[in-house]
Amino acid sequence: MADERTLGEAGELEALARILPLLPAGDAIVGPGDDAAVVPAPDGRFVVTTDTMLEGADFRLGWSTWHDLGWKAVATNLIDVAAMGARATSLVVALAVPPSTRVADLEALAQGLADGVAAMAPGCGVVGGDLGTAPHAVIAVTAFGDLEGRGAVLRSGARPGDEVWVVGRLGHAGAGLARLFADAVDADGAADAAAAARLRQADPRIDAQLAPVSPVSAGPRLAQLGATAMLDVSDGLALDAARIARASRVRITLDVAAVASAAEGAPLEAALHAGEDHALLLTVPRGTSMPAELGGHAVRRIGAVEAGEPSVQLSGSPLPPRGWDPYRR
């Protein structure tokens, strides 16, 4: 039964006692309970990344459930591990919320973490974290991965002659967010939970925004196939492709028809610039035998790498590196 007490009523120790049993242990040597976790690093190296989700800036509790937030924390952090070609092994989650937050809400978040891990990275564990207070909810996640003896796949490895591929859909998260802002806010601009719930039943793009399924398991497989450069499409295809172009000092040419196909009906503008798709954008040597799908996510060729001034072109026209920037709205 869900614990309906607030954190102010239950206290930290009782809240943690409710949450920790819900979290997957993974292969941690020492999990939650000590001052720090101990996790294995068989390769002698490990991948680490961190990200923060802020109420208001990154999510609205009127649209997202607490389960959604746990799930999305998994999807958005572990895809960065996958983009390096590593296998996701563990997460550390720090959470700051108002004392009026219900224990049941944190249980739902913990269950979202567990369900997200089970769906996208079986065997990964939630091995520690912190619980504190803040005026608004803040979720900070640090994710770790094992390179399994391989070198990391960097943004700087693309070479002229490589092909550009994407694993996953483009534009659906951005289209879902635009729909929420258009049809799930009240007269004062606040999130309308009832309207969001109705939209969610009718438009699958809403889930692409609130509870994305990212191709985490594809990262190590793409590294094995010889990916020369890779990153997570979190800020829009145009901006993220430009990051590979700059890091690798190459020109990337994208085919508009192929990008539209990867958008699967979402607006081309959203596919190019909206962000939060959490697909994998990668380059591989020309002629690499690529599968049609990985872990249930479509694998599509969308362009090529050429010699030239670092830039991105879309079917022969310059594509400005415009996308999500938290400091430029």
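Residues numbered from 1 in each chain as written. Predicted model: local features only at pLDDT ≥ 70, side-chain atom pairs only at ≥ 80, totals over all residues. Heavy atoms only, no water.

1. Describing the nonpolar core
What tends to happen in soluble globular proteins is that the nonpolar side chains get buried as a cluster. In this structure, Leu78, Leu91, Ile139, Leu222 and Leu282 are the most contacted members of the largest nonpolar core, which totals 58 residues. At 11 residues, helix α3 (residues 66-83) tops the list of elements feeding residues into this core. Ranked by size, the runner-up nonpolar core spans 30 residues in total, among them Val164, Leu237, Ala238 and Ile252. (Core = buried A, V, L, I, M, F, W, Y, C linked by side-chain atoms within 4.5 Å. Buried < 20%, exposed > 50% of the residue type's maximum accessible area, 1.4 Å probe, protein only. Helix = DSSP H or I, 4+ residues; strand = E, 2+ residues; numbered from the N terminus.)

2. Examining unusual backbone geometry
The general pattern is negative phi for most residues beyond glycine and trans for most peptide bonds. With a phi close to 65°, Glu276 is a non-glycine residue in the positive phi region. By the element assignment, Glu276 lies in the loop between α11 (268-273) and β8 (279-284). With a phi angle near 50°, Ser315 is a residue other than glycine that sits in the positive phi range. The residue Ser315 is located in the loop between β11 (311-314) and β12 (317-318) in this model. On the basis of relative accessible area, Ser315 is assigned to the partly exposed category, the value being 43%.

3. A closer look at the sheet that holds strand β4 (residues 138-146)
Read across the sheet, four strands follow the order β1-β4-β2-β3 without closing on themselves; strand pairing throughout is mixed. Looking at the sheet topology across the chains shown, the edges are occupied by β1 (47-54) and β3 (125-133). Strand-to-strand twist in this sheet, taken as the mean axis angle between neighbours without regard to direction, amounts to 15°. The strands touched by α3 are β1, β2 (87-97) and β4; relative to β1, the strand with the most contacts, the crossing angle is about 145°. (Pairing = 2+ DSSP bridges. Axes fitted to C-alpha atoms, helices over the stretch in contact; angles between N-to-C directions. Contact = heavy atoms within 4.5 Å.)

4. Description of the packing of aromatic side chains
Per the counting criterion, the structure on display carries two aromatic pairs. Both rings, one in Trp63 and one in Phe181, keep their centres 5.0 Å apart while their planes meet at 85°; by these two values the pair is edge-to-face. Taken together, the residues Trp63 in the loop between β1 and α3 and Phe181 in helix α5 (residues 172-183) connect sequence positions 118 residues apart. Note on Trp63: relative accessible area 7%, which makes it buried. The ring of Trp63 is capped by Arg60, whose NZ or CZ atom sits 5.1 Å from the centre of that ring. (Phe/Tyr/Trp six-rings, centres within 6.5 Å; stacked < 30°, edge-to-face > 60°. Lys NZ or Arg CZ within 6 Å of the ring centre and 35° of its normal.)

5. Structural notes on the packing of α5 against helix α6 (residues 193-202)
Two numbers describe how α5 lies on α6: the axes approach to 10 Å, and their chain directions differ by 140°. Put simply, α5 runs oblique to α6. Every pair of crossing elements has a handedness; the one defined by α5 and α6 is right-handed. Taking contact as the criterion, the partners of Arg179, Leu180 and Asp183 in α5 are, on α6, Ala195, Ala196 and Leu199. Looking at the contact of α5 with α6, its residues break down into four nonpolar, no polar and two charged. (Parallel < 35°, antiparallel > 145°, perpendicular 65-115°, else oblique. Left-handed = near helix turned anticlockwise from the far one by under 90°. Nonpolar A, V, L, I, M, F, W, Y, C, P; charged D, E, K, R; others polar.)

6. Things to note about helix α9 (residues 237-248)
Compared with an ideal rise of 1.5 Å per residue, which puts 12 residues at 16 Å, α9 spans 16 Å between its outermost C-alpha atoms and is within 8% of the ideal. With nine of its 12 residues buried, α9 lies for the most part within the structure. After α9 finishes, the residue Arg249 shows a positive phi value of roughly 60°. (Expected span 1.5 Å × (residues − 1).)

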